[in-house]
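Here are the chains, one letter per residue:
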Amino acid sequence: MKWVIFLVLIIFAWIKRDYIKRVINEVKGLLEDNKRADAELLERQKQERERDL
(Lines give C-alpha, C1' and ligand atoms only; values in the text may rest on other atoms or scores of the structure.)
Protein backbone atom coordinates (compact mmCIF):
# COMPACT_ATOMS: atom_id res chain seq x y z
CA MET A 1 0.00 0.00 0.00
CA LYS A 2 2.84 2.39 0.82
CA TRP A 3 4.36 1.74 -2.60
CA VAL A 4 1.10 2.67 -4.32
CA ILE A 5 0.95 6.00 -2.47
CA PHE A 6 4.63 6.59 -3.26
CA LEU A 7 4.08 5.90 -6.97
CA VAL A 8 1.04 8.18 -7.09
CA LEU A 9 3.08 10.98 -5.51
CA ILE A 10 5.89 10.46 -8.04
CA ILE A 11 3.43 10.54 -10.95
CA PHE A 12 1.78 13.68 -9.57
CA ALA A 13 5.18 15.36 -9.15
CA TRP A 14 6.14 14.37 -12.70
CA ILE A 15 2.92 15.88 -14.09
CA LYS A 16 3.33 19.07 -12.05
CA ARG A 17 7.12 19.39 -12.51
CA ASP A 18 6.91 22.57 -14.61
CA TYR A 19 4.74 24.25 -11.98
CA ILE A 20 7.07 23.07 -9.20
CA LYS A 21 10.11 24.41 -11.10
CA ARG A 22 8.39 27.76 -11.58
CA VAL A 23 7.55 27.98 -7.85
CA ILE A 24 11.12 27.06 -6.87
CA ASN A 25 12.54 29.70 -9.23
CA GLU A 26 10.13 32.30 -7.84
CA VAL A 27 11.21 31.49 -4.27
CA LYS A 28 14.88 31.70 -5.29
CA GLY A 29 14.22 35.09 -6.87
CA LEU A 30 12.52 36.35 -3.73
CA LEU A 31 15.42 35.13 -1.58
CA GLU A 32 17.90 36.91 -3.86
CA ASP A 33 15.85 40.11 -3.65
CA ASN A 34 15.82 39.85 0.15
CA LYS A 35 19.60 39.36 0.28
CA ARG A 36 20.11 42.36 -1.99
CA ALA A 37 17.75 44.52 0.08
CA ASP A 38 19.49 43.47 3.32
CA ALA A 39 22.89 44.33 1.85
CA GLU A 40 21.63 47.73 0.70
CA LEU A 41 20.11 48.41 4.13
CA LEU A 42 23.33 47.47 5.93
CA GLU A 43 25.35 49.68 3.59
CA ARG A 44 22.97 52.60 4.14
CA GLN A 45 23.14 52.16 7.94
CA LYS A 46 26.94 52.03 7.77
CA GLN A 47 27.06 55.26 5.75
CA GLU A 48 24.68 56.97 8.19
CA ARG A 49 26.85 55.93 11.16
CA GLU A 50 29.97 57.27 9.40
CA ARG A 51 28.17 60.58 8.73
CA ASP A 52 27.07 60.86 12.36
CA LEU A 53 30.65 60.53 13.60
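For the structure given in this document, a descriptive report is provided here. (Residues numbered from 1 in each chain as written. Predicted model: local features only at pLDDT ≥ 70, side-chain atom pairs only at ≥ 80, totals over all residues. Heavy atoms only, no water.)

When helices and strands are counted, the chain shows two helices and zero strands. At 22 Å, the chain has a C-alpha radius of gyration far larger than the 10 Å of a compact globule built from 53 residues. The principal-axis extents of the C-alpha atoms in the chain amount to approximately 70 × 20 × 5 Å. Residues counted as buried form 0% of the 53 residues belonging to the chain. Accessible area for the chain stands at about 5500 Å²; split by element, carbon and sulfur atoms hold 64% of it. Counting 12 positive and 10 negative side-chain charges, the chain places the averaged centre of each group 12 Å from the other. (Helix = DSSP H or I, 4+ residues; strand = E, 2+ residues; numbered from the N terminus. Rg over C-alpha atoms; globule rule 2.2 N^0.38 Å. Buried < 20%, exposed > 50% of the residue type's maximum accessible area, 1.4 Å probe, protein only. Areas by Shrake-Rupley, 256 points an atom, 1.4 Å probe, with all protein chains shown as cover. Lys, Arg positive; Asp, Glu negative; His and termini not counted. Charge placed at Lys NZ, Arg CZ, Asp CG, Glu CD.)

Below, the discussion takes up the pattern of salt bridges. Counted according to the given criterion, the structure contains one salt bridge. The partner of Arg36 in a salt bridge is Asp33, and the shortest N-O contact between them spans 3.0 Å. Pair noted here: Arg36 and Asp33 are both in helix H2 (residues 17-52), with a separation of three residues, about one helical turn. Arg36 gets classed as partly exposed once you look at its relative accessible area, which sits at 46%. Asp33 sits in the partly exposed class, given a relative accessible area of 39%. (Salt bridge = Lys/Arg side-chain N within 4 Å of Asp/Glu carboxyl O.)

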